[in-house]
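Chain by chain, the residues run as shown.
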Protein chains: 2
Amino acid sequence: MEKVIGQIRAAQEKHREELLDMLRIPSISSDPAHKVDMERTAQWLLTKLQSLGISSEIIPTAGHSIVYGEYMGAGDAPTILIYGHYDVQPVDPLNLWNSPPFEPDVRDGKIYARGASDDKGQLYPHLLAAEAWLAVHEKIPVNLKFVIEGEEEVGSPNLQPFVEENKEKLACDAIMVSDSGFFARGVPSLVYGLRGMAYIEVIARGPNRDLHSGSFGGAVCNPADALAGMVAALHDEKRRITLPGFYDKVRELSQAERDGYKALPFDEEAYKESLGVGGLVGEEGFTTLEQLSARPTLEVCGIWGGYTGEGAKTVLPAEAGAKISMRLVPDQDPEQVAAAFEEKMRELAPAGIELEFITHHGGRPFLIEPDSPYIMAGKEALRQAFGQEALLTREGGSIPVVDVFSQCLQAPVVLMGLGLPDDDLHSPNEKMDLDQYHRGIEAAAHFMKLAGEIGK
Amino acid sequence: MEKVIGQIRAAQEKHREELLDMLRIPSISSDPAHKVDMERTAQWLLTKLQSLGISSEIIPTAGHSIVYGEYMGAGDAPTILIYGHYDVQPVDPLNLWNSPPFEPDVRDGKIYARGASDDKGQLYPHLLAAEAWLAVHEKIPVNLKFVIEGEEEVGSPNLQPFVEENKEKLACDAIMVSDSGFFARGVPSLVYGLRGMAYIEVIARGPNRDLHSGSFGGAVCNPADALAGMVAALHDEKRRITLPGFYDKVRELSQAERDGYKALPFDEEAYKESLGVGGLVGEEGFTTLEQLSARPTLEVCGIWGGYTGEGAKTVLPAEAGAKISMRLVPDQDPEQVAAAFEEKMRELAPAGIELEFITHHGGRPFLIEPDSPYIMAGKEALRQAFGQEALLTREGGSIPVVDVFSQCLQAPVVLMGLGLPDDDLHSPNEKMDLDQYHRGIEAAAHFMKLAGEIGK
């Protein structure tokens, strides 16, 4: 093991440069203009896996391809499926980036680039750990199956069919996912709960054309105004969500969990300061940390209607729309929530407004009992790499594929996040700390050893 | 007079072609990219006025220039100031136009182009009427002062200073404005009341950057959601506007006025059908026509925030904004209303939200006693040109400059609209009926004769 770690430490510069190289490819999955970049990134990963001697292929889907790699050289040792995604979020607002999102910039020990933390910089350590094992011992202590998809940021529409159709091919003892983060700098953590999601776009249509706000205003229902009212009515004054039956299946927090939350290091003043806000507004009766990960939410991710350019235009718009993401907790069901959303919005729509709904993606919430030896191995790997005891926490984000893997492959999912809370995922100036990245490679290597000892 | 009308009828093709020529210049005043087009349009009008032998000049302002022309050949006959504007609204959404907005298309007896009705096609008839009088009689029965500005669609910021500084130069007996419309096809009307306006943009700012809606949603106030709630709270359930003191100065409708509204031809079912809406939503206790012109309104002309592109992005946006136009009636004051808007919005803003306000433009509402002989002359001119008795009506739109002229020059304003209600001002497929245009030239010529006889 020491030799493997030594090998990893000696190759830090090479490891950094390779990541920068991958980060230069603008693999934005939601934008058709970047289709070729998606293919380039898949090819880049394929080439790397093949260079390690790992049997690999690019598997086409109805959307972006999956990169699949398989190392079965560990005989009857356990098999770990390593999941990651090579696609990234869009970059707008571009003007808020301090350096171009696809020209990775290393400043103050951090790599600034879209995808630095989500997920290229968390996925790649597992490949480099495998490389180090192979370089030192010509073998890896576990069997590995890499599943690297290109559609995580658009809801993984083609991953579930792929996993379902390939249950045997993908059979494994545990699934390793690094697509989350530490609880705080210096506080490594394994996530045992994730929120699910229902993401719906609603378009409110009124008159059959944009109208002059002076000639028609006052009698004709304004879709932008109507939509604002409908969106506003989705929360009550206690910031509870008003969809019918929304809380029926929400698993209440146990006292033990609430005590666990209280024990976490969290400075609310520092949190507010880091966000530049004077106050926080969340569901009454819950602490900020509980609101952020153990309670369901409804957020306006986008709203549009009428004239939004410079200056003024006096128009009563023909339509307006909103993109609404709801984060769900166990045991809420994304489809039931989406149906309740439509029902509520139709009930709220005033006369003269027609609604259209577009369901963008959904994912079930995830909560596991943290007693699996693979989870313990992940916890120990983090401790060995980072020198700190790892906590078990819940996270507010969603990784819908975790549920897919968990359900289809009937194996525990180890969420060994390598990012930090200030990585600005999905925001301008996304970054990855170089130290997290390099130690992340070590953690991945430790995990391979620890997992390889399970069952022996 | 007959010869003048004959001259006008003989020149219809030339009149149409000249208007098409002017409509081809994309004089969008709000877009700096069209600055040169603004200058070209002013030059086009100057050339035309000069070709009539009317002493003319282009007067620079801090923004777009004013075209000024003066004909004083009628001795002690009254002097009429003819106001119009050569700028037009933006054209988006461009994809909804059936023909390009600046390639005027004549179909079914209508000219489709941006500015066809607002205001190039209503302004130009007055120049052509003057031309006809000069061609036939080598003189016009009234003195004329043309004031043609290029900033009406951006709130005429430089017109008021110009009028105030040039009271003597602009002294006149009446002001003629054709920038409105008939009550209905075949129902000519003179507008004796216009709504005023306060147009304010509000920007709600929350966290100092766009955030991941999963990691931060539920505790951090979402500016798009907050803004929706604030905008929704600006109306109560009776569709009354909730700004403090908003209705204090609203002049109530007299029974005579309400009876007048009832007597107007209006088919609510046909109106809804023309707009493609299943229902109307206006202030409780007032008829649709009253809501549309005699009652104040608050409309969302634009709303934006977060991700508004294709597909989904899971973001808690850093900011969101709305452009709000309030139409005012006598005796509301735009500045007081703007102040009340700010006060109310600040009161509504939740913790963690900072507000910025941008005042775009305002204009006082306008209501005159229709007893002026110039108004009577306008009414008679419409009757002679269109063969129908003209009504006196109020209109929902705003022409802020009317108040400027009325106050500064102390002369009655004759609002002799030549458009039709279905002209789609400010919308895609703006049009002007050719018949309205050609008869409008005749009405302008009749008015010159009738006004010339006043005081004799």
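## Regarding the overall build of chain A
- Looking only at helices and strands, chain A has 15 helices and 18 strands in total.
- A compact globule built from 456 residues would reach a C-alpha radius of gyration of about 23 Å, and chain A, at 23 Å, matches this within 12%.
- The C-alpha extent of chain A, read off along each of the three principal axes, is 80 × 50 × 45 Å.
- Buried positions account for 57% of the 456 residues belonging to chain A.

## Overview of the relation of the copies chain A and chain B
- Mapping chain A onto chain B calls for a screw motion: a turn of 180° about the axis and a shift of 0.0 Å along it, with 0.1 Å RMSD after fitting. Such a combination of rotation and displacement between the chain copies is what one expects of a two-fold axis.
- The residues that chain A uses at the interface reappear at the interface of chain B in 100% of cases, marking a shared surface.

## Remarks on unusual backbone geometry
- Of note, the bond from Pro-330 of chain A into Asp-331 of chain A is cis; its omega dihedral lies within 30 degrees of zero at 0°.
- In this structure, Asp-331 of chain A sits in the loop between strand E13 (319–328) and helix H12 (334–348).
- Asp-119 of chain B follows Asp-118 of chain B through a cis peptide bond whose omega is 10°.
- Mapped onto the elements of the fold, Asp-119 of chain B is located in the loop between strand E5 (110–112) and helix H4 (120–137).
- Despite not being glycine, Asp-424 of chain A shows a phi value in the positive range, around 55°.
- Checked against the element boundaries, Asp-424 of chain A lands in the loop between strand E17 (413–415) and strand E18 (431–433).
- Here His-426 of chain A, not a glycine, exhibits a phi torsion of approximately 70°, which is positive.
- Inspection of the secondary structure puts His-426 of chain A in the loop between E17 and E18.

## What to know about the environment of Tyr-247 of chain A
Residues and elements named next belong to chain A.
- Counting through the fold element by element, Tyr-247 comes out in the loop between helix H8 (223–232) and helix H9 (255–263).
- On the neighbour-count criterion, Tyr-247 (13 C-beta atoms within 10 Å) is partly exposed.
- For the pair Tyr-247 and Val-281, spaced 34 residues apart in sequence, the C-alpha separation works out to 19 Å.

## Section: the sheet that holds strand E3 (residues 79–85) of chain B
All names here are of chain B.
- Read across the sheet, 6 strands follow the order E1-E2-E6-E3-E7-E17 without closing on themselves; strand pairing throughout is mixed. Whereas interior strands pair on both sides, the edge strands pair on one side only; in this sheet they are strand E1 (55–59) and strand E17 (413–415). Each adjacent strand pair in this sheet contributes to an overall mean axis angle of 20°, direction not counted.
- Two elements, E3 and strand E7 (residues 174–177), share 4 bridges in a ladder whose sense is parallel. Looking at the pairing, Ile-80 lines up with Ala-174 of E7.

## Structural notes on the domain arrangement of chain A
- Domain assignment breaks chain A into domain 1 (2–194 + 365–452) and domain 2 (196–232 + 299–326 + 337–360).
- Its C-alpha centre places domain 1 of chain A at a distance of 38 Å from the equivalent point of domain 2 of chain A.

## Structural notes on helix H3 (residues 35–51) of chain A
Residues and elements named next belong to chain A.
- Taking 1.5 Å per residue as the helical rise, H3 with its 17 residues ought to reach 24 Å, and the 25 Å between its terminal C-alpha atoms agrees with that figure.
- The inward-facing, buried residues of H3 abut helix H2 (12–23), strand E1 (55–59), strand E2 (66–71), helix H4 (120–137) and strand E6 (143–149).
- Two residues or fewer past H3, Gly-53 is found with a positive phi of approximately 80°.

## As for the interface of chain A and chain B
- Every contact between the two is made by 78 residues of chain A and, on the other side, 79 residues of chain B.
- Here the element with the most residues in the side of chain A that touches chain B is strand E11 (residues 297–306) of chain A; it accounts for 9 residues.
- Residue classes in the side of chain A that touches chain B are distributed as 32 nonpolar, 35 polar and 11 charged.
- With 5 bridges connecting them, E11 of chain A and strand E11 (residues 297–306) of chain B associate as antiparallel partners. Residue Gly-306 of chain A lies in a different strand from E11 of chain B, and its bridge partner there is Gly-302 of chain B.

## Thoughts on the sheet that holds strand E4 (residues 105–107) of chain B
Residue and element names in this part refer to chain B.
- What the 3 strands build is an open sheet, ordered E4-E5-E18; its pairing is antiparallel. In this open sheet, the two edge strands, each paired with only one partner strand, are E4 and strand E18 (431–433). Geometrically, the sheet is characterised by an average inter-axis angle of 25° between neighbouring strands, direction not taken into account.
- Where E4 lies against E5, 3 bridges are found, and the strand directions are antiparallel. Directly across from Asp-105, in E5, lies its bridge partner Tyr-112.
- Set on the sheet, helix H14 (residues 434–452) makes contact with E5 and E18; between it and E18 the angle comes to about 60°.

## A few points about the environment of Asp-248 of chain A
Residues and elements named next belong to chain A.
- Of note, Asp-248 is situated in the loop between H8 and H9.
- Look at Asp-248 and you get exposed, because 10 C-beta atoms sit within 10 Å.
- The sequence separation of Asp-248 and Met-38 amounts to 210 residues, and the corresponding C-alpha distance is 41 Å.

## Focus on the environment of Glu-354 of chain B
- Along the polypeptide, Glu-354 of chain B turns up in strand E14 (residues 354–363).
- Spatially, the C-alpha atoms of Glu-354 of chain B and Pro-207 of chain B are 9.6 Å apart, while their sequence positions differ by 147 residues.

Reading the values: the criteria
- Residues numbered from 1 in each chain as written.
- Chains lettered and ligands numbered in written order.
- Predicted model: local features only at pLDDT ≥ 70, side-chain atom pairs only at ≥ 80, totals over all residues.
- Helix = DSSP H or I, 4+ residues; strand = E, 2+ residues; numbered from the N terminus.
- Rg over C-alpha atoms; globule rule 2.2 N^0.38 Å.
- Buried ≥ 20, exposed ≤ 12 C-beta atoms within 10 Å, placed from the backbone.
- Least-squares fit on C-alpha atoms with pLDDT ≥ 70 in both.
- Contact = placed C-beta atoms within 7 Å.
- Pairing = 2+ DSSP bridges.
- Axes fitted to C-alpha atoms, helices over the stretch in contact; angles between N-to-C directions.
- Domains from an automatic or database assignment.
- Expected span 1.5 Å × (residues − 1).
- Nonpolar A, V, L, I, M, F, W, Y, C, P; charged D, E, K, R; others polar.

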